[in-house]
Amino acid sequence: MEIGLNILGAEALFGGDISAVPDLAAEADRRGIDLISTGDHLGFAADAHAQRMRDNNFPFPLDHPWYEPISLLSAVAAVTERAQLGVSVLIATVRPAALLAKQIATLDRLSRGRVTMGFGVGWQEAEYTATGMPFDARFGRMEDTVRACRELWTRAPAQFTGRDFAFENFHSLPFPVQDRIPILFGLGPSPRNFDRIARVADGWSVNPTDLPGFTGSVALLRDRFAAQGRDPGTLRIQVSLTPVRRSDGSVDLDATARAAQQFRRHGATAVVFRPTAFGREADRLPELLDWMIGLGHD
C-alpha cells in the first residue's frame, strides 16, 4: 500500500507561510512518502459554500486559501526526487483541455515522470460561470478532456473532436515523460461513474464514508474494468482518510492505522492523509510522517 501526504492547507502549520510547504514535501520525500498531493477549487459563491458546509460538513471555511495546484506541485517537483505528485481531485472541466494537457505535461517533465492526477467535475456551478465553461454535460466533457489530453500527450500533430471543443493538425510539445500518465476519477460510486472510469481512466480517488460501501464499490468497479477488457489488477484506488478520534476529540493513531489497513485489505492501493486534520503543531510533523510511512510497511 502506498502512503500519501496531502499538503492542502499545510501552510497553516507554518503561520500561513506557503513557501514552507515545499520544504515539508521535501522532508516527506526524503523519509519515504509515496505520494504528495493537494486539492483544488478556483473559488466559491458564498451561498453555495454555506450550503456545502451545512449539508456535507465541508471542512474548509470561506476564507481558506486555495493555491493553484499545478503551480504548487511544480515547486514541490523542484525539491523532491521520488514521490509521485498529484491532485486528489482537480476540477478538470473548468480548464481548457489543451491548456490542462500542457500544464500536466510540463509538470511530468519537471518531476521526471512522477505525475498521478485525479480528475473531477466539482460540485459548484459558480466555478463554471466564473471561467465561462459550460456546467451542463460536464461529465461527458471530462471524458472528452481525458481523451484530448492523451492525444496531445502522444501525437504531434494531434487531432480531436469532442462535444464542446476540437483541434486538428495541432502540435503541442513537450510530451510527458510517462507513456501514460495515470488519471483517476474523483466521482461518487455508481455504475454509470464506474463505467466512465473503466472507459477512459486508470482508477478511483475517493473519500469513503464506510468500509462495507467501499468494499461493494471496489467489486463493482473491478467488474466494470473487466467488462471493458481491462485488467482489474491494474486499478489504482486512492483513499483519502481522516483520523479516527476518541470520545474526547483526540486523535487515535492506532485506530486510524487499523482503518487504513482495513481499506488496504478491501482494495485501496494508496491511502492519503492531510496533516492539518491531525492538528496544528508543526513540531509534531516528523513523528506524524514516520507514523504514516510505517503504515506502508505493515
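Residues numbered from 1 in each chain as written. Predicted model: local features only at pLDDT ≥ 70, side-chain atom pairs only at ≥ 80, totals over all residues. Heavy atoms only, no water.

An unreviewed UniProt entry lists the protein chain under the name TIGR03619 family F420-dependent LLM class oxidoreductase, with Nocardia flavorosea as the source organism.

J.: How do you make sense of the packing of aromatic side chains when you look at a structure like this?
T.: The description of an aromatic ring pair rests on the distance of the ring centres and on the angle between the ring planes. Following the criterion strictly, the structure yields 17 aromatic pairs and no others. The structure contains a cluster of three or more aromatic residues connected by ring pairs, namely Phe 44, Phe 58, Phe 60, Trp 66 and Trp 123. Sitting over the face of the ring of Phe 135, Arg 138 holds its NZ or CZ atom 3.7 Å from the ring centroid. (Phe/Tyr/Trp six-rings, centres within 6.5 Å; stacked < 30°, edge-to-face > 60°. Lys NZ or Arg CZ within 6 Å of the ring centre and 35° of its normal.)

J.: Help me understand the UniProt feature "domain: Luciferase-like" (unreviewed entry) in the protein chain in this model?
T.: The feature "domain: Luciferase-like" (unreviewed entry), as given by UniProt, occupies residues 16-250 in the numbering adopted here. Taken end to end, residues 16-250 has its terminal C-alpha atoms 24 Å apart, with 42% of it in helix and 15% in strand. (UniProt positions renumbered as here; feature names shortened; annotations may be inferred. Helix = DSSP H or I, 4+ residues; strand = E, 2+ residues; numbered from the N terminus.)

J.: Honestly, empty space enclosed by the protein in this entry has me stumped. Any pointers?
T.: The probe, sized like a water molecule, is rolled over the atoms to show the empty space still left. Taken as a whole and judged by the stated rule, the model has three cavities of 30 Å³ or more. By volume, the largest cavity amounts to about 50 Å³. Within the lining of the largest cavity, the residues separate by chemical class into seven nonpolar, two polar and one charged. (1 Å grid on protein atoms, 1.4 Å probe; cavity = no way out; pocket = protein on both sides within 12 Å on 5 of 7 lines; lining within 4 Å. Points joined across faces, edges and corners; volume = space filled by probe spheres on them. Nonpolar A, V, L, I, M, F, W, Y, C, P; charged D, E, K, R; others polar.)

J.: Honestly, the packing of helix α4 (residues 97-110) against helix α6 (residues 138-154) in this entry has me stumped. Any pointers?
T.: When two helices pack together, their arrangement is given by the angle between their axes and by how far apart the axes lie. Where α4 meets α6, the closest approach of the two axes is 9 Å, and the angle between their N-to-C directions is 55°. Relative to α6, α4 is oriented oblique. Regarding α4 and α6, the two cross each other, and that crossing is right-handed. Across from Ala 97, Ala 98, Leu 100, Ala 101, Ile 104 and Ala 105 in α4, the residues of α6 making contact are Thr 145, Ala 148, Cys 149, Leu 152 and Trp 153. (Axes fitted to C-alpha atoms, helices over the stretch in contact; angles between N-to-C directions. Parallel < 35°, antiparallel > 145°, perpendicular 65-115°, else oblique. Left-handed = near helix turned anticlockwise from the far one by under 90°. Contact = heavy atoms within 4.5 Å.)

J.: Looking at this structure, how should I read the side chain of Thr 145?
T.: Along the chain, Thr 145 falls in helix α6. The class of Thr 145 is buried, set by a relative accessible area of 1%. Not counting residues within four places of it along the chain, the set of residues in contact with Thr 145 comprises Ala 92, Thr 93, Ala 97, Leu 100, Phe 119 and Phe 165. (Buried < 20%, exposed > 50% of the residue type's maximum accessible area, 1.4 Å probe, protein only.)

J.: Before we go on, may I ask you to explain helix α8 (residues 211-227) in this structure?
T.: Because the α-helix completes a turn every 3.6 residues, residues three or four places apart line up on one side. In this model, α8 (17 residues) spans 24 Å end to end at C-alpha, consistent with the 24 Å of a helix rising 1.5 Å per residue. Three or more residues of α8 are buried, namely Leu 211, Phe 214, Ser 217, Val 218, Leu 221 and Phe 225. Angular distribution of buried residues about the axis of α8 spans 115°; they occupy a single face of the element. Of the residues in α8, the exposed ones pointing more than 90 degrees away from the buried face are Pro 212 and Ala 227. For α8, the secondary structure elements touched by its buried residues are α7 (191-200), β9 (203-206), β10 (236-240) and α9 (253-265). If you check the start of α8, you find a side-chain oxygen 2.5 Å away from the backbone N of Gly 213, and it comes from Asp 210. Trailing α8 by a residue or two, Gly 229 shows a phi angle of about 75°, which is positive. (Expected span 1.5 Å × (residues − 1). Arc of directions from axis to C-beta. Polar contact = N/O pair within 3.5 Å; in protein donor to acceptor, adjacent residues only side chain to side chain.)

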